[in-house]
Amino acid sequence: GNACWSGLCPDMVTRMADDLGFTYEYVVPDDGKWGGFNVTSGAWNGLIAEILSETIDIVTLPLSTSTARKEVIEFSYPFMDSGLLAVTRGDSRIDTNFFFLSPSRGRCGWQLSQPHS
């Protein structure tokens, strides 16, 4: 039910429902996925598929935007930025879970931040 959800997004939905007079129910996508595009099948999965099939009306969570997603659904104006980032020197040797920072061989820095929803 709706009672097990908490945080900024559920609080916003509750406020909008009160102000605008609509009811809602939180659901988890049937396949448990957020919404990826399968190039082979040409189909979306997860929340994006459920919006496209009109199984659900709205997604309320910090869902990252992508060019592919923007081509098939509309996003609200970004309202959340976590400010998370990771920074390392370009010549650092990375042997941890941050392996994706390793390709840099020069003296440059990387900044990674969570995309806006």
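Just above sits the structure.
Attention in this report is confined to the structure presented alongside it. (Residues numbered from 1 in each chain as written. Predicted model: local features only at pLDDT ≥ 70, side-chain atom pairs only at ≥ 80, totals over all residues. Heavy atoms only, no water.)

1. Remarks on the overall build of the chain
The secondary structure content of the chain amounts to 3 helices and 4 strands. Beginning at the N terminus, the succession of helices and strands in the chain can be written as α-β-β-α-α-β-β. Out of the 117 residues belonging to the chain, those deemed buried represent 20%. For the chain, the share of sequence-separated contacts (at least 6 apart) that also reach a separation of at least 24 residues comes to 40%. (Helix = DSSP H or I, 4+ residues; strand = E, 2+ residues; numbered from the N terminus. Buried < 20%, exposed > 50% of the residue type's maximum accessible area, 1.4 Å probe, protein only. Contact = heavy atoms within 4.5 Å.)

2. Section: the side chain of Arg-69
Relative to the assigned elements, Arg-69 resides in helix α3 (residues 67-72). One buried charged residue, Arg-69, remains without a salt bridge, the closest side chain of opposite sign being Asp-31 at 11 Å. In contact with Arg-69, not counting residues within four places along its chain, are Trp-34, Gly-35, Trp-44, Ile-48, Leu-63, Ser-64 and Phe-75. (Lys, Arg positive; Asp, Glu negative; His and termini not counted. Salt bridge = Lys/Arg side-chain N within 4 Å of Asp/Glu carboxyl O.)

3. Details of the environment of Val-72
By secondary structure assignment, the location of Val-72 is in helix α3. Sequence spacing of Val-72 and Trp-44 is 28 residues, and the spatial spacing of their C-alpha atoms is 9.7 Å. Residues within four places of Val-72 in sequence aside, it is in contact with Trp-44, Ile-48 and Leu-52.

4. Some details on a nonpolar patch on the surface
Side chains of Met-16, Leu-20 and Phe-22 sit close together on the surface and give an oily, nonpolar patch of about 280 Å² of accessible area. Considering the arrangement of structural elements, one finds Leu-20 in helix α1 (residues 8-20). Classification of Leu-20 by relative accessible area gives exposed; the value is 63%. (Patch = residues over 30% accessible without salt bridge, like charges linked within 9 Å, V, L, I, M, F, W, Y side chains within 5 Å. Areas by Shrake-Rupley, 256 points an atom, 1.4 Å probe, with all protein chains shown as cover.)

5. A look at the environment of Phe-79
Tracing the backbone through its elements, the reader meets Phe-79 in the loop between α3 and β3 (85-88). Between the C-alpha atom of Phe-79 and that of Cys-9, which follows or precedes it by 70 residues, the distance is 10.0 Å. Non-local contacts of Phe-79, meaning those with residues more than four positions away in its chain, are made with Leu-8, Cys-9 and Met-12.

6. A look at α1
If you check α1, its first and last C-alpha atoms are 18 Å apart, about what 13 residues at 1.5 Å a residue would give, namely 18 Å. Note on α1: the residue one or two positions beyond its end, Gly-21, has a positive phi of about 70°. (Expected span 1.5 Å × (residues − 1).)

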